[in-house]
Amino acid sequence: MGLNREPTVALNNTGRAAKPEYPPCALVIFGGAGALSHRKLLPALYNLALDGDLPEKVAIVCFSMEEMNDESYRAFAHDAIQKNSRRPIHEQEWNGFARTLRFVRGRFNEPADYRTLRTQLETVDREAGTEGNRVYYFAIPPSFIETCANALHDANMIRPPDGPGTFSRVVVEKPIGRDLASSAAINDRIAAHFDEGQIFRIDHYLGKETVENLMVLRFANSIFEPLWTSRFIDHVQITVAEEEGVGARAPYYESAGALRDMVQSHILQVLSIIGMEPPRSTAADSVRDTKLDVLQSIRPFGDEDIEKYAIRGQYGAGLVGGVPASAYLEEGGVAAGSQVETFVALRCWIDNWRWAGVPFYLRTGKRLSKRASEIAIYFKSVPRILYNSNPRAHLAPNILTIRIQPNEGLAVHIISKVPGPQARLQQVAVDFHYATSTPEAYETLLRDIILGDQTLFMRRDSVEASWQLVDPILDAWKETPGEIPVYSAGSWGPLEAALMMAADGRSWRVL
Ligand code: BG6
């Protein structure tokens, strides 16, 4: 849940979290029979149902071109949940959930099909009591966004932003565009029919429990925030490493690459939370304003920075977890000689008072040694006196690591005495990890959409600030084809990434 509700108020008198009031709502999933729905949306909605976190009066309506009806769509959803839900399917709960599912067959570019959808939704309002409230979830390729938004408008299916009682919201997935210009164009098209307050731009990393916890960690504890400055922090590393290759998503990936796919959205969003000032309040726009400040304070990449501090790579063949993995160029759907990057490492500077002089190192890649996403805050070393006076063996610095996934949690790495008579020191970790499985990001995000809480969604200005930052890198790489370094699948990326760190006298954390 977005953090703009008072946590103390969220406890009822049994000490359990009180449920918010979920408004009646019809959630219309455009492309609801596609891969995103199968992997993420339907399992997330089912888990919300299990927790009693769907509105009592709800309908989930798939609008899509497949030859399906209510019954076969329910079978599709059953399969999706069986394969992808974090908790097993429970027949009694399933029966209740299945009743909320409907299917409306339609083409995204056919006005008559929207009239059918509208009539069906009016029926749903009568039968399920959804009272005209709509969430339009665009689980569709970006090229359809304009068509669908226009058609909804033409069919008179969008309520004005502050219409009494009822709401219309739209949900769009990243990537929003391929660069600043195309992103602005998509945003303009959506803005032609929806107010910013009705638009929910998803970056699912913002719904991950550990990412959401970053603000709590910083602003609900007294021990971290005083140290959270260039005075005490030496540098920060953010790693999002994946074992998987591009697999069936090669056609999309060929037009994206790791910089667009991971850095422009997920990693810069995470960076903006690590770097933000304390917001004035936990209201969505207060949080989003302070995050935006960070993105706008990142020093633009000049030509020389790109050459030295924007490293790209592409995976070659190798072994991942002992299993042979083929090269990116051998994946089905990848163009011969493709120069698309599957790995990126960057060094960024946030040019503001808090962070002046603290480098932020970011890296992400596919077919790396293991799946591990982590933020590591490296604190400055203690003076080279007392326990740190040996010039041949300096003490390791204190590090705060926040594990986004897997094994979600955090650890503070400190120096401690090895028990015994000698004064030997070692680095130990004070480690916290969640005892139970955490909700999937899409559960959190879908619940917030229904509640109308925009805290965890990207505002237009932040999406565009991120593009502004990555555009010069994309342009420079486009102009220098044929130079992409290749790394072995199962490694930690190209040598150039390690050399970039070494030139700064540092090294990537071993994960
Ligand atoms: C998606 C990217 O946004 O995030 C994928 O398009 C990537 O390429 C995925 O694999 C990673 O998400 P997660 O939640 O598995 O870390």
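Scroll up to find the structure.
For clarity, every value in this text was computed on a predicted model and none was experimentally measured.

Draft legend 1. A look at the packing of aromatic side chains. All chains considered together, the criterion is met by 20 aromatic pairs. Between Phe30 and Tyr114 the ring centres are 6.3 Å apart and the planes differ by 35°, which places this aromatic pair in the tilted class. Placement of the pair is Phe30 in strand E1 (residues 25-30) and Tyr114 in helix H4 (residues 111-128), with a sequence separation of 84 residues. The buried category is assigned to Tyr114, whose relative accessible area is 0%.

Draft legend 2. Layout of helix H9 (residues 258-275). An ideal rise of 1.5 Å per residue puts 26 Å on 18 residues; H9 reaches only 22 Å between its terminal C-alpha atoms. Most pronounced at Leu268, the bend in H9 amounts to some 35°. With 18 of its 18 residues buried, H9 lies for the most part within the structure.

Draft legend 3. Quick peek at the environment of Glu71. Position of Glu71 among the secondary structure elements: in helix H2 (residues 70-84). Taking the C-alpha atoms as reference points, Glu71 and Phe103, 32 residues apart in sequence, are found 8.4 Å from one another.

Draft legend 4. Region of the structure containing the site of the ligand. Near the ligand the following residues occur: Lys174, His204, Tyr205, Lys208, Glu242, Arg249, Asp261, Met262, His266, Lys366 and Gln405. The side chain of Gln405 places a nitrogen or oxygen atom 2.7 Å from an oxygen atom of the ligand. When the ligand is considered free in solution it has 400 Å² of accessible area, and contact with the protein chains removes 81% of it. Among the elements that line the shell around the ligand, the one with the most residues is H9, at three residues. Partitioned by chemical class, the residues of the shell around the ligand number two nonpolar, three polar and six charged.

Draft legend 5. A look at the pattern of salt bridges. Going through the model one piece at a time under the given rule, you end up with 31 salt bridges. The partner of Arg189 in a salt bridge is Glu146, with the nearest N and O atoms 3.2 Å apart. Highlighted residues: Arg189 in helix H6 (residues 180-191) and Glu146 in helix H5 (residues 145-154), separated in sequence by 43 residues. Among the residues examined, Arg189 registers a relative accessible area of 33% and is labelled partly exposed.

Draft legend 6. Inspection of the packing of helix H1 (residues 35-50) against helix H3 (residues 91-99) at higher detail. Packing of H1 against H3 brings their axes to within 10 Å, and their N-to-C directions diverge by 115°. When the axis of H1 is compared with that of H3, the two are roughly perpendicular. Of the two possible hands of crossing, H1 and H3 adopt the one that is right-handed. Contacts from Leu42, Leu45, Tyr46, Ala49 and Leu50 of H1 reach H3 at Glu93, Trp94 and Phe97. Partitioned by chemical class, the residues of the contact of H1 with H3 number seven nonpolar, no polar and one charged.

Draft legend 7. How the structure looks around unusual backbone geometry. Lys174 connects to Pro175 through a cis peptide bond whose omega is 0°. Structurally, Pro175 can be placed in the loop between strand E5 (168-173) and H6. A cis geometry characterises the amide bond from Gln405 onward to Pro406, with omega recorded as -15°. Within the element layout of this structure, Pro406 appears in the loop between strand E14 (399-405) and strand E15 (409-417). Backbone geometry places Asn156, a non-glycine residue, at a positive phi of 60°. With respect to the secondary-structure elements, Asn156 resides in the loop between H5 and E5. Classification of Asn156 as exposed rests on a relative accessible area of 56%.

Draft legend 8. Examining the packing of H2 against H3 more closely. The N-to-C vectors of H2 and H3 enclose an angle of 135°; their axes lie 11 Å apart at closest approach. The angle between H2 and H3 falls in the class oblique. Classified by chirality, the crossing of H3 by H2 is right-handed. Contacts from Arg74, Ala77, His78 and Ile81 in H2 reach Glu91, Trp94, Phe97, Ala98 and Arg99 in H3. Here the contact of H2 with H3 is composed, by residue class, of five nonpolar, one polar and three charged.

Draft legend 9. Spotlight on a negative patch on the surface. On the surface, Asp303, Glu307, Asp475, Glu479 and Glu483 cluster together into a patch of negative charge. As for its placement among the helices and strands, Glu483 is situated in the loop between helix H13 (460-479) and strand E17 (486-488). Take Glu483: its relative accessible area is 53%, and that puts it in the exposed class.

Draft legend 10. Examining the side chain of His266 more closely. Its location among the elements puts His266 in helix H9. When near neighbours in sequence (up to four residues on either side) are disregarded, His266 contacts Lys174, Asp203, His204, Tyr205 and Asp261.

Draft legend 11. The sheet that holds strand E4 (residues 134-138), seen in detail. If you trace the six strands from one edge of the open sheet to the other, you get E3-E2-E1-E4-E5-E6, paired in parallel fashion. In the strand order of this sheet, the two ends are held by strand E3 (101-105) and strand E6 (199-202), each with one partner. Each strand of the sheet is rotated relative to its neighbour by a mean of 20°, with strand direction disregarded. Two strands pair when backbone bridges link them, and E1 and E4 are joined in this way by five bridges, in the parallel orientation. Of the residues in E4, the one forming a bridge with Ile29 is Tyr137. Where H2 meets the sheet, its contacts fall on strand E2 (58-64) and E3, and the angle it forms with E3 comes to roughly 120°. Strand contacts of H5: E1, E4 and E5, with the helix running at about 160° to E4, the strand carrying the most contacts.

Draft legend 12. Broad picture of a nonpolar patch on the surface. Judged by side-chain polarity, Ile385, Leu386, Tyr387 and Leu425 come together as a nonpolar surface patch covering roughly 480 Å² of accessible area. Along the chain, the position of Leu386 falls in the loop between strand E13 (372-379) and E14.

Draft legend 13. Broad picture of the sheet that holds E15. Strand order in the open sheet made by the nine strands is E16-E15-E14-E13-E7-E12-E11-E8-E17, with mixed pairing throughout. Each edge of the open sheet is held by one strand with a lone partner, namely strand E16 (425-433) and E17. Geometrically, the sheet is characterised by an average inter-axis angle of 20° between neighbouring strands, direction not taken into account. Relative to E13, strand E7 (residues 233-241) runs antiparallel, the two sharing eight bridges. Residue pairing across strands places Ile233 opposite Phe379, the latter belonging to E13. Running over the sheet, H13 touches strand E8 (310-316) and strand E11 (343-349) and is turned about 55° from E8. With respect to the sheet, helix H14 (residues 495-503) is in contact with E7, E8, E11 and strand E12 (359-365), its orientation differing from that of E11 by roughly 20°.

Thresholds, definitions, all that
- Residues numbered from 1 in each chain as written.
- Predicted model: local features only at pLDDT ≥ 70, side-chain atom pairs only at ≥ 80, totals over all residues.
- Heavy atoms only, no water.
- Phe/Tyr/Trp six-rings, centres within 6.5 Å; stacked < 30°, edge-to-face > 60°.
- Helix = DSSP H or I, 4+ residues; strand = E, 2+ residues; numbered from the N terminus.
- Buried < 20%, exposed > 50% of the residue type's maximum accessible area, 1.4 Å probe, protein only.
- Expected span 1.5 Å × (residues − 1).
- Bend = angle between axes of the 7 residues up to and from the residue.
- Near = heavy atom within 4 Å.
- Polar contact = N/O pair within 3.5 Å; in protein donor to acceptor, adjacent residues only side chain to side chain.
- Areas by Shrake-Rupley, 256 points an atom, 1.4 Å probe, with all protein chains shown as cover.
- Nonpolar A, V, L, I, M, F, W, Y, C, P; charged D, E, K, R; others polar.
- Salt bridge = Lys/Arg side-chain N within 4 Å of Asp/Glu carboxyl O.
- Axes fitted to C-alpha atoms, helices over the stretch in contact; angles between N-to-C directions.
- Parallel < 35°, antiparallel > 145°, perpendicular 65-115°, else oblique.
- Left-handed = near helix turned anticlockwise from the far one by under 90°.
- Contact = heavy atoms within 4.5 Å.
- Patch = residues over 30% accessible without salt bridge, like charges linked within 9 Å, V, L, I, M, F, W, Y side chains within 5 Å.
- Lys, Arg positive; Asp, Glu negative; His and termini not counted.
- Charge placed at Lys NZ, Arg CZ, Asp CG, Glu CD.
- Pairing = 2+ DSSP bridges.

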